[in-house]
Amino acid sequence: MADARKGLLLINTGPGKGKTTAALGTALRAVGNGMKVLVLQFLKGSWHYGELDAVEAFGPNFVLKQMGRGFVKVGGAETDPEDTRLVEAAWAEAREAIYSGEWDMVVLDEINYAISYKMLDPVVVAEALRNRPEMVHVILTGRNAHPLLVEMADTVTEMREVKHAYQKGVLAQRGIEY
Ligand code: ATP
Ligand code: MG
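So, here's what we can say about the structure. (Residues numbered from 1 in each chain as written. Chains lettered and ligands numbered in written order. Predicted model: local features only at pLDDT ≥ 70, side-chain atom pairs only at ≥ 80, totals over all residues. Heavy atoms only, no water.)

Next up on the list: the coordination of the magnesium ion (ligand 2). The protein atoms that coordinate the magnesium ion (ligand 2) are Thr20 (OG1) and Glu110 (OE), at distances spanning 2.1 Å. Of this pair, threonine 20 sits in helix H1 (residues 19-32) while glutamate 110 sits in the loop between strand E4 (105-109) and helix H4 (111-116), placing them 90 residues apart in sequence. A relative accessible area of 11% places glutamate 110 in the buried class. (Donors = N, O, S within 2.8 Å, 3.2 Å for Na, K, Ca; no water. Helix = DSSP H or I, 4+ residues; strand = E, 2+ residues; numbered from the N terminus. Buried < 20%, exposed > 50% of the residue type's maximum accessible area, 1.4 Å probe, protein only.)

Structure, rendered in structure tokens:
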């Protein structure tokens, strides 16, 4: 029989809303179980999300860091080298955190976008995740999850958009979108 305790790889992907917030919900659940959780947000940086302040209240067992600067220009030659540099730095910190033994769960928010924008090599990420310390849970979020990562993940959820307020012209709402 399989071991009862095992570090899992989860992916929240798909076009519907809820990928990041579901990961934060799982993080909250883990913190409540006495686990230490690190959330690294790839690409994000320009918006001030409510979760930044909410997580701060938990102290050192629940840490969230924005590793980007927002508003990433995408598509081959147009990608700003500065954004690529920030993604590389975020990945270096993510890898270090996963291997450090310091965290029970590491959430790599929006990493799927960084990979689909070709700012990060999926083979390198897959290799690091495959060889990670056994008990570390990792959650990857963002649309267009790479097939290689989907294949190796334990739990993959695809958010399906049924409708979104944005479609009838409602702008991003405090507490819902940020
Ligand atoms: P959330 O952070 O709310 O869980 P998400 O992580 O699933 O959303 P992202 O692709 O990271 O979604 O997009 C982030 C922002 O875009 C959020 O403000 C979110 O509300 C908004 N958003 C998500 N899905 C849609 C959609 N289908 N149409 C319009 N806006 C969306
Ligand atoms: Mg998100």
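From this point, things continue past the structure.
Take helix H3 (residues 81-99) next. If you check H3, its first and last C-alpha atoms are 27 Å apart, about what 19 residues at 1.5 Å a residue would give, namely 27 Å. Of the positions making up H3, those classed as buried are Asp83, Leu86, Val87, Ala90, Trp91, Ala94, Ala97 and Ile98. Looking straight down H3, one finds its buried side chains confined to an arc of 140°; they lie on one side. For H3, the exposed residues set more than 90 degrees away from the buried face come down to Pro81 and Glu96. Looking at the buried positions of H3, the neighbouring elements they touch are strand E2 (37-41), E4, H4, helix H5 (122-130) and strand E5 (137-141). The N-capping residue of H3, defined by a side-chain oxygen 2.8 Å from the backbone nitrogen of glutamate 82, is aspartate 80. In the stretch just after H3, glycine 101 is the one whose phi turns positive, near 80°. (Expected span 1.5 Å × (residues − 1). Arc of directions from axis to C-beta. Contact = heavy atoms within 4.5 Å. Polar contact = N/O pair within 3.5 Å; in protein donor to acceptor, adjacent residues only side chain to side chain.)

Take it as geometry only, folks, not as evidence of what the structure does.
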